[in-house]
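Chain by chain, the residues run as shown.
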Amino acid sequence: MDGTNDRKQKRPQVAAIFVHAGAGYHSTTNEHIHLGACNDAARVAMRVLRNGGTSVDAVEAAIKILEDKEITNAGYGSNLSIDGVVECDATVVDYLGRSGACGATAQIKNPITLARVILEMSNKPLSLRRVPPNLLVGQGATDFAFEQGLPVVSHEQIVSKNARDRYIRWREDLRRAEGDRLSPRASSAASDDDPIDFEYERRAQNKQRRDHSNALMSGTWNEGQPDSPSPPSPIPSTRRSSSPSGHSSHYHDRSYHDLASPAVGTRLVTESPAKRARYGKDTTDGSGRTRSLLGMGAVTSLAESRKYEPQSATTYGSPLSEKGQAISDGPNSPIFSVESDIISPPLAFSQEGTAESPSKEKVFEEPDDDLITDTVGAIAIDIYGRIAAGSSSGGIGMKHRGRVGPAALVGVGSAVIPADEKDEELITVAAVTSGTGEHMATTMASQKCAERLYHNTRRSRGGVDIEATEEEAMESFVQADFMGHPGVSGSNSAGAIGVMAVKKTPYGYFLHFAHNTDSFAIASMGSNEKDPKCVMSRIGEQGHVVQGGRKIRVEQ
C-alpha cells in the first residue's frame, strides 16, 4: 500500500506548501510581522521540498519556523498555564493518515519535532509485540523526548517577556474575578518579583524515570499487564470504494442558500458521493469574484510589509450570518447580541491563544495590539505527490495544567484523507483548524471539513448529505457542521473557527479557507512559483464568515 502513489506517479510533481498563523484578530500594526512569519515558514518549507524532502519534512520545517517566532502562540512565546508554565500541543499526519502527536508537553521548544519523532517511532515494531504509541502527553511526552535525544530545556527558556507580561495581567484579572477561589499555585507562580518554582516538576520527572526503569526490569507491558498478550486474530479489513464521476461543475456566483433547504438542481446522495473537484477553469477570471481579503475599510499593510506581497485571493460565496444568533467580531472581542445592547463578558480565556480583552471604552475602536495569536498549521505536498498536515499550539491562556488542545488531536486540529488505491486520480484532502478547541473537538472539525471537500457534499434538511460544489461544502462545514452543531450552538462560549484545507487533484492543488474570526493569516507557494502568496484575510464589514481560496497549477 505504501508504494501505491509511487507506482502511479511517472515523474516528479509540483510541490506545494500552505501555512497559516492562526485565526483571531491580527492588528494592522503587526500585520507585516504575521505575514512575514508565514512568508518565512513557506520559503523554508519550499526549500526542503525542492531538495527532495518529504511532505512531513516540509510540514515540520514550516511549523518550526512559526514556533520560533515569538508572535505566534506555539513553541517559544506560547501562553502560560494557570500556574505559569508553558505546555504545548502538536500533531503531524502523513499521507496515509498515520499520526504522531504530543499534548500538554512542557520543556520542549519545538513540539512539532517531538510529534514527528513520535510518528516515526510509531511505525517501528517494539519487542514482545508491544504497540508503539502515537500520542504522548504530559511528563511522559517530555521523558520520551529526552530518551530520543531531543533537547529538554528549562521552563524559563520557552517563556517570552510578552507571554509573562500577559500572564501577570491575566492573573490579576482572575484575582479580581475569583478572589479567594484562585488556586494557591496560580496566585504565587510567575510573579514579577519571584522566579517560577519548578522543583515539583523536576521531582515528578525523576520519579517517573525511576518508575519507567522499574517497569522495564519487572517485565510489565501494555499498561501494567504482565508479559505480552497472545497474538491477535487477524481481522479482515474493509475498504470504501468510491466510483469516480466523470463530470465537474464550476463555481457559481450566487448568494448563500439556506442550509435547511436544498438548492435547486441538487440531488440526494444515495450511494458513495462523488468526490470530483468542482472548480472554475480560471480562478482569476473577470466574473467579479476576485476581491481583496483585507476587508472593507481595513488598513492595508505598511510599506515594510509589501516585500511579503500580501495578495488578493479568489473568494467565493457570500458572507454568512445566522439570524437571531449571537454575533462576535472575533474570538476575543465582546459578543454583541442582535437583540441587546448589553456587552457580554469578554472571551479572554475561551479560545486558543487568548489575549487580553479590550476595555469597554475601546470596544468600537480598532485595537493596535493583537487580540489573539492562535494555533499554527501547515499542509504540504511533495514531489512524490504525498500530502501531509500538522498543527502546533500553546493552548488557551491560563488553562489548567494537563489540558490537551485540538492541536494534539487527530481529526480535530489536523486530518488527512488518504488517496484511495483504486482511484485513478488519487484525490486526497488535508485540513487544519484553529479556534475554540473544545468546540472543534466536539465537532471533529478537521476531519469533517476534509470529508466535505473529499466527497463534495453539504448538510441539508434532516441531516441528509447532498452533492455540492466545494464552495458549498465549506459553507456547510462552517454553518451547519460547526456553528449549527448542538454542542456549539448550545454552549455558553462562542464558536470561533478558522480552517485551511487543500484538495489535491490531477488538475491542480486547491486551497480553501474559511473563518468567522476577525482575521486569518495565510501563505501558500508552489514549486513553480518564485515567491509565496501571503494574505491577511479580514472580515471587515463583509459579514460574519469569510471564505477564499486559490489554485496552484500542476503543469511543470
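Our structure's up above, just so we're on the same page.
Parameters at a glance
- Residues numbered from 1 in each chain as written.
- Predicted model: local features only at pLDDT ≥ 70, side-chain atom pairs only at ≥ 80, totals over all residues.
- Heavy atoms only, no water.
- Helix = DSSP H or I, 4+ residues; strand = E, 2+ residues; numbered from the N terminus.
- Buried < 20%, exposed > 50% of the residue type's maximum accessible area, 1.4 Å probe, protein only.
- Contact = heavy atoms within 4.5 Å.
- Areas by Shrake-Rupley, 256 points an atom, 1.4 Å probe, with all protein chains shown as cover.
- Pairing = 2+ DSSP bridges.
- Axes fitted to C-alpha atoms, helices over the stretch in contact; angles between N-to-C directions.
- Phe/Tyr/Trp six-rings, centres within 6.5 Å; stacked < 30°, edge-to-face > 60°.
- Lys NZ or Arg CZ within 6 Å of the ring centre and 35° of its normal.
- Parallel < 35°, antiparallel > 145°, perpendicular 65-115°, else oblique.
- Left-handed = near helix turned anticlockwise from the far one by under 90°.
- Nonpolar A, V, L, I, M, F, W, Y, C, P; charged D, E, K, R; others polar.

Caption draft 1: Here's a closer look at the overall build of the chain. A tally of regular secondary structure across the chain gives twelve helices and 21 strands. The buried share of the chain, reckoned over its 556 residues, is 54%. Restricting to contacts in the chain with at least 6 residues of sequence separation, those with at least 24 account for 72%. Counting every atom, the chain has about 24,100 Å² of accessible surface; 51% of that belongs to carbon and sulfur.

Caption draft 2: Spotlight on the sheet that holds strand β19 (residues 519-526). Read across the sheet, eight strands follow the order β4-β3-β2-β12-β11-β1-β19-β20 without closing on themselves; strand pairing throughout is mixed. Every interior strand has two partners, whereas the edge strands, β4 (135-137) and β20 (533-538), have only one. When the angles between neighbouring strand axes are averaged without regard to direction, this sheet yields 10 degrees. Two elements, strand β2 (residues 88-93) and strand β12 (residues 387-393), share five bridges in a ladder whose sense is antiparallel. Paired with V93 across the strands is A389, a residue of β12. Contacts between helix α3 (residues 55-68) and the sheet are confined to β1 (16-24), β2, β11 (376-381) and β12, with β11 contributing the most and set at about 155 degrees to the helix. Lying over the sheet, helix α5 (residues 138-147) contacts β3 (99-105) and β4, oriented at roughly 110 degrees with respect to β4.

Caption draft 3: Seen up close, the pairing of strand β21 (residues 546-552). Across the seven residues of β21, seven count as buried, placing the element largely inside the fold. Of the two faces of β21, the one carrying V546, G548, R550 and I552 and the one carrying Q547, G549 and K551 are both buried. Examined bridge by bridge, strand β18 (residues 508-515) and β21 share seven bridges and lie antiparallel to one another. By the bridge assignment, H512 is partnered in β21 with G549.

Caption draft 4: Focus on the packing of aromatic side chains. One pass over the full model with this rule turns up one aromatic pair. Seen in terms of ring centroids, F513 and F520 are 6.4 Å apart; in terms of plane orientation they differ by 65 degrees. Their pairing is edge-to-face. When the ring centre of Y25 is taken as origin, the NZ or CZ atom of R538, which lies over that ring, is 5.8 Å away.

Caption draft 5: Highlighting the packing of helix α10 (residues 445-455) against helix α11 (residues 470-483). α11 packs onto α10 with a crossing angle of 150 degrees between their chain directions and a minimal axis gap of 9 Å. By the criterion of interaxial angle, the relationship of α10 to α11 is roughly antiparallel. Relative to α11, the crossing made by α10 is right-handed. Two secondary-structure elements touch here, α10 through A445, K448, C449, R452 and L453 and α11 through E470, A473, M474, S476, F477 and D481. Here the residues of the contact of α10 with α11 are counted per class, giving six nonpolar, one polar and four charged.

Caption draft 6: Spatial organisation of unusual backbone geometry. With a phi close to 55 degrees, L128 is a non-glycine residue in the positive phi region. Structurally, the position occupied by L128 is in the loop between α4 (111-122) and β4. For L128, a relative accessible area of 43% corresponds to the partly exposed category. Here R129, not a glycine, exhibits a phi torsion of approximately 60 degrees, which is positive. Relative to the elements of secondary structure, R129 occurs in the loop between α4 and β4.

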